[in-house]
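Single-letter residue listing:
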Amino acid sequence: MTGGQYVWSTRSGAGVPAAHWFKWFTDMVARDAAPVAVGSPQAGDFEAEAAFLSLGPVGVSIHTHPALRSRRSAALTRRSDPEQYQLALVDGANPMWISRRGTDSGPASGELVLRDTSRPFEAGARDEHGGSRRLVLHIPRTELPINPDKADRLLARRIPAQRGTGAILVRFLTSLGEHAAECGPEELGRLGAIARDLAAVCLAEHADAAREVDAGAQSRALLERVKVFIEHNLDDPDLAPGTIAERHHISVRSLHLLFQHEEESVSRLIRRRRLERCRADLARPELAHHSVRDLAARWGFANASAFGRAFREAYGLTPRDHRRRSMPGALTDH
């Protein structure tokens, strides 16, 4: 459902009597993730929030809570098992650890950690009196195209989220919090498929299982990588299909094929995002002393006349007119 009210299922213990906050939280975790035995030095004053987003083949949850220690025993896995891989991004404010059969991740901070609801594990926060925040991608075991034995090698191990596909996956997931409410059911399902493919490629890279991920998933993951690259390089006047293809070690033809089912070509995407950046900058009072020409050049438009025509075509008014309307009291005729 669109409109923002029901896309994210958001819950808070604020409406629950304080004496029941901790039980409310454990019940909520059991529903969103899987039953675990939980303990916390702050169990008597346990304020927490959670949100869950269904994305067709996968789901995303965000839990914010005081520090805790959790244990999923063999008995709990036999009693209730959603049969999921759960790929968690651990917030850097309070590093967490996870262990399984003698493998201990150590303190994970701003990194990804994989767990399997069908396998016992323990987890906890390093600072027992601090707060914790986790963003978790829930992937049904049947949706991850990696041999389970190879996926098992990654359990309770830290996976980098600052570079490569891991960084792109994290960027993609965190952006859902800002834009999911703008999407309809079909689009949310497509976004879920992209999240699954990015996770599969990321995990396969670290499990020596790249050949097990089908070409379609790899292409979709590469498309997201290209989009992130474009976003980070809009200010480069040389950003063009040729340079993008070269940086990603593919041909220009292969690059265009990646975009064949998108709503716009790679060149149109670059132009639209540059225009949007310029439009935003032209409305910023702190940039009023910069000329239109300078701001256009800042985002890769080397020719001021061509920029003016493109801007007018996209928005129906000139860059200067847009600036006057955005900042009516400012001197914007330069």
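For the structure itself, consult the block above.
Draft legend 1. Summary view of the packing of helix 9 (residues 266-282) against helix 11 (residues 304-315). Packing of helix 9 against helix 11 leaves a shortest axis separation of 11 Å and a crossing angle of 90°. In terms of their interaxial angle, helix 9 and helix 11 are classed as roughly perpendicular. For the pair helix 9 and helix 11, the contacting residues are Arg271, Leu275, Glu276, Cys278, Arg279 and Leu282 in the first and Phe307, Ala310, Phe311, Glu313, Ala314 and Tyr315 in the second. Grouping the constituent residues of the contact of helix 9 with helix 11 by class yields eight nonpolar, no polar and four charged.

Draft legend 2. Region of the structure containing helix 4 (residues 164-179). End to end, helix 4 covers 23 Å across 16 residues, agreeing with the expected 22 Å (1.5 Å per residue, within 8%). Turning to helix 4, its buried residues are Thr165, Gly166, Ile168, Leu169, Val170, Phe172, Leu173 and Leu176.

Draft legend 3. Region of interest: the environment of Glu143. Residue placement: Glu143 occurs in the loop between strand 11 (131-140) and helix 3 (148-152). Sequence separation between Glu143 and Gln84 is 59 residues; the distance between their C-alpha atoms is 9.1 Å. Once you skip the residues sitting within four places of it in the chain, Glu143 turns out to touch Pro57 and Arg196.

Draft legend 4. Representation of the packing of aromatic side chains in the model. Using the criterion set out here, one finds five aromatic pairs in the structure. Residue placement shows Arg279 over the ring face of Tyr315; its charged tip is 4.7 Å from the ring centre.

Draft legend 5. Expanded view of the pairing of strand 11. Counting buried positions along strand 11 gives seven out of ten residues, so the element sits mostly inside the fold. Two elements, strand 4 (residues 58-66) and strand 11, share eight bridges in a ladder whose sense is antiparallel. Its bridge partner being in strand 11, His65 is matched across the sheet by Ser132. Bridge count between strand 6 (residues 84-90) and strand 11: seven bridges; the pairing is antiparallel. The residue bridging Gln84 from the neighbouring strand is Pro140, located in strand 11.

Draft legend 6. The arrangement of the sheet that holds strand 7 (residues 96-100) in detail. Read from one edge of the open sheet, five strands run 2-5-10-7-8, paired in antiparallel fashion. A strand with exactly one partner marks an edge of an open sheet, and here the two such strands are strand 2 (37-39) and strand 8 (103-104). When strand 7 meets strand 10 (residues 121-125), the two strands line up antiparallel, connected through four bridges. Each bridged residue has a counterpart across the sheet, and for Met96 the counterpart in strand 10 is Ala125.

Draft legend 7. Representation of the pattern of salt bridges within the structure. A full pass over the atoms with the stated rule returns 23 salt bridges. One salt bridge connects Arg141 with Asp116, and the closest N-O pair in it is separated by 2.3 Å. Linking Arg141 in the loop between strand 11 and helix 3 with Asp116 in strand 9 (residues 112-116), this pair joins segments that are 25 residues apart in sequence. For Asp281, the salt bridge identified is with Arg284, shortest N-O distance 3.0 Å. Ionic contacts of the salt-bridge type, sharing partners, join the residues Glu231, Glu264, Arg272, Arg273, Glu276 and Arg277 into one network.

Draft legend 8. Region of interest: the sheet that holds strand 12 (residues 158-159). In space, the seven strands of this open sheet follow the order 1-3-4-11-6-9-12, with antiparallel pairing throughout. What marks the edges here is a single partner per strand, and that holds for strand 1 (8-12) and strand 12. Inspection of the sheet shows strand 1 paired to strand 3 (residues 49-55) by five bridges, in the antiparallel sense. Across the sheet, Ser12 pairs through a bridge with Glu49, a residue of strand 3. Contacts between helix 1 (residues 21-32) and the sheet are confined to strand 1, strand 3, strand 4 and strand 11, with strand 1 contributing the most and set at about 160° to the helix. Contacts from helix 4 reach strand 1, strand 3, strand 4, strand 6, strand 9 and strand 11, with the element oriented near 105° to strand 11.

How each quantity is defined
Residues numbered from 1 in each chain as written. Predicted model: local features only at pLDDT ≥ 70, side-chain atom pairs only at ≥ 80, totals over all residues. Heavy atoms only, no water. Axes fitted to C-alpha atoms, helices over the stretch in contact; angles between N-to-C directions. Helix = DSSP H or I, 4+ residues; strand = E, 2+ residues; numbered from the N terminus. Parallel < 35°, antiparallel > 145°, perpendicular 65-115°, else oblique. Contact = heavy atoms within 4.5 Å. Nonpolar A, V, L, I, M, F, W, Y, C, P; charged D, E, K, R; others polar. Expected span 1.5 Å × (residues − 1). Buried < 20%, exposed > 50% of the residue type's maximum accessible area, 1.4 Å probe, protein only. Phe/Tyr/Trp six-rings, centres within 6.5 Å; stacked < 30°, edge-to-face > 60°. Lys NZ or Arg CZ within 6 Å of the ring centre and 35° of its normal. Pairing = 2+ DSSP bridges. Salt bridge = Lys/Arg side-chain N within 4 Å of Asp/Glu carboxyl O.

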